[in-house]
Structure formats: C-alpha cells, structure tokens
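# Understanding the architecture of this molecule
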Amino acid sequence: MEKVILNSLLHNKEAQFNQTKNNIDLINMKIHDFKKLIDTYNYSNDQNTQKEIIKEIESQVELYNCSIKTGNISLDVILTDKGLQAQKNDINFVAMVDGKLLSFMKDADLYSLFENALDNAINSLSKEEKENRYLNVLVKQIGAVILISIENYCSQDISFNDGLPITKNDKNYHGFGMKSISYMVEKYHGNLSIAINDNIFNLNILFLNKTA
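Below: a short report on this structure. (Residues numbered from 1 in each chain as written. Predicted model: local features only at pLDDT ≥ 70, side-chain atom pairs only at ≥ 80, totals over all residues. Heavy atoms only, no water.)

### Points about the overall build of the chain
Across its full length, the chain holds five helices and seven strands. The order of α-helices and β-strands along the chain, N terminus first, is α-α-α-β-α-β-β-β-β-α-β-β. Classification of the 212 residues of the chain by burial places 41% in the buried group. Residue pairs at least 24 apart in sequence account for 65% of intrachain contacts in the chain once pairs closer than 6 positions are excluded. (Helix = DSSP H or I, 4+ residues; strand = E, 2+ residues; numbered from the N terminus. Buried < 20%, exposed > 50% of the residue type's maximum accessible area, 1.4 Å probe, protein only. Contact = heavy atoms within 4.5 Å.)

### Quick notes on the side chain of S124
Relative to the assigned elements, S124 resides in helix α4 (residues 107-125). For S124, the contacting residues outside a window of four places in its chain are N152, Y153, C154 and Q156.

### Side note on helix α3 (residues 73-88)
Taking 1.5 Å of rise per residue, the 16 residues of α3 would be expected to cover 22 Å, and the 23 Å separating its terminal C-alpha atoms lies within 8% of that figure. Every buried residue of α3 is accounted for by S74, L75, D76, I78, L79, T80, K82, G83, L84, Q85, A86 and Q87. One side-chain oxygen at the N-terminal end of α3 lies 3.2 Å from the backbone nitrogen of S74; it belongs to N72. Immediately downstream of α3, the backbone of D90 shows phi near 55°, a positive value. (Expected span 1.5 Å × (residues − 1). Polar contact = N/O pair within 3.5 Å; in protein donor to acceptor, adjacent residues only side chain to side chain.)

### Structural notes on the pairing of strand β6 (residues 191-197)
Here β6 runs beside strand β7 (residues 200-208); their pairing, made up of seven bridges, is antiparallel. Within the sheet, the bridge partner assigned to I194 lies in β7 and is L203. In this antiparallel pair of consecutive strands, β6 and β7, the connection spans two residues, and D198 shows a positive phi of 50°. (Pairing = 2+ DSSP bridges.)

### Describing the sheet that holds β7
Two modes of strand pairing occur in sheets, parallel and antiparallel, and in both the strands are linked by backbone hydrogen bonds. Pairing is mixed across the open sheet formed by five strands, whose spatial order is β1-β2-β3-β7-β6. At either margin of the open sheet sits one strand with a lone partner, and together these are β1 (92-97) and β6. Each adjacent strand pair in this sheet contributes to an overall mean axis angle of 10°, direction not counted. With respect to the sheet, α4 is in contact with β1, β2 (134-142), β3 (145-153) and β7, its orientation differing from that of β3 by roughly 20°. (Axes fitted to C-alpha atoms, helices over the stretch in contact; angles between N-to-C directions.)

### Let's talk about the pattern of salt bridges
All told, the structure shown has six salt bridges when counted by the stated rule. Three or more residues joined by partner-sharing salt bridges are found here, namely D81, K82, E115 and D119. (Salt bridge = Lys/Arg side-chain N within 4 Å of Asp/Glu carboxyl O.)

### Structural notes on the environment of N197
Topologically, N197 is positioned in strand β6. Given a relative accessible area of 52%, N197 falls into the exposed group. In the structure, N197 is positioned 43 residues away from C154 in sequence and 9.4 Å away in space, judged by C-alpha atoms.

### Quick word on unusual backbone geometry
Phi angles above zero are rare outside glycine, and H189 is one such case at about 60°. Within the secondary structure, H189 is located in the loop between α5 (173-187) and β6. Looking at H189, the relative accessible area reads 68%, which means it is exposed. The phi angle at D198 is positive, at roughly 50°, despite the residue not being glycine. Within the fold, D198 resides in the loop between β6 and β7.

### Notes on the nonpolar core
Counting 39 residues, the largest nonpolar core has L113, F114, L135 and I148 as its most contacted members. Where this core is concerned, the elements lending two or more residues are α3, β1, α4, β2, β3, α5 and β7. Examining the composition of this core, we find that eight residues originate from one element, α4, more than from any other. When residues no more than four places from it in sequence are discounted, the contact partners of L113 are M105, I148, I181, M184, V185 and I205. (Core = buried A, V, L, I, M, F, W, Y, C linked by side-chain atoms within 4.5 Å.)

### Topic: the pairing of β3
Every regular strand shows the same layout, with side chains that alternate between the two sheet faces. Most of β3 sits inside the fold, with seven of its nine residues counted as buried. Bridge analysis of β2 against β3 gives eight bridges, and the strand direction is antiparallel. Residue pairing across strands places N136 opposite E151, the latter belonging to β3. The turn joining β2 and β3, which pair antiparallel and follow one another in sequence, is formed by two residues; a positive phi near 65° is taken by G143. Note: β3 against β7, nine bridges, orientation antiparallel. Within β7, the residue paired with I146 across the bridge is F207.

Right, here's the structure in full:
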C-alpha cells in the first residue's frame, strides 16, 4: 500500500505542476481578454457600446470567480484549484460543502482524498460531450454521519477490481488514485462505496461524526 501511495503521489506531483502551468495560462488569457475590452471601451465614444463592454467584463469576472469558501482553508484551496481546472475543461462544477465537518482530517490526507477523487472525475469528464460535463461535490451531515458525495456523468466502459473502478484506457494511475482514496477512508474508519447507474458515477464516503 505504501508503494501504491508513493506512486500516486509522484504522479500527482507532475499533474500538479502541469495544472499550475495551465492555471497561469488561463489567468494570462483572461487578462489579455480584459485588456482588449478595456482598450475598446477607452476608444469608444458610444455610450451603448461602453455599457455592453461593462456588462461583458462583469459577466466574465463572475464566470471566473471560482473562489470557494467552505469553512476549511485547506479544502478551500483544493476546491478552488479544481474549480479552475473544471472551468478550463468546460465542466459545470458545483460544490455544496461544509468544510468544518472535515476538520478532523490532516491537511495532507484531506488534500490526497479530494485531489485524487476530483482529478479522476475531471479527467473522465474531459472526454465527454460538453453538454454532459458536470461535477457535483457535496459534504454534509446526516444525523451522526458525515457524507462526502462526488458525482459526475460517465459514459466510459469501467470495470471493478476489489470494489474499486478501473477504466480500460487507464489502469495505472487511476487505479493508484482510487486505492489512495480507499486507504484514506480506511485510515479514518470510514466507509467507501462507488456505483455507476445510468451513466452517473457516484462516489460516496461516510464518516462517523464523533462530535455529534
């Protein structure tokens, strides 16, 4: 298991570098677009045109505002980063997360859990038709149980090995990622279940809320 986690982490280091570069490219692209809109505004004497430019800038700023606040700083960083990645891949990303519920987890473990789960989902969705690209993340309390639910559309051919999914096109790092998730869930005495129904991939994790 340690070798599996190590391989997964090494792969993630490379993926994190590439994602950071992609995020910088996305920011630079947005800045370039804003500069062009501002130049058009400055050189235009038509008030209607200027109003339309202001609306466009406001619309793009709102679209680009991926900052997510959950009450857990580490989780905010992870989800904001994945929100940017989802936006770059035309994925509708919705997060309804009470991050305070996961304060019992170490930052590194929290990062590993969501990094692997969301990377797998985003990578899968990037291969789908644009109208099917949606990713929902939910963290809430149900009675004395904390539920983590990650749901996305998936039309790929997926098989299961020891209860964990493996795509035919990628049996290596995705396999490591799922084993890493399983390891983290076991570490905190949780329960992991994965199901695919009607092309909906659903990953559910349950933890007992000891403070409830």
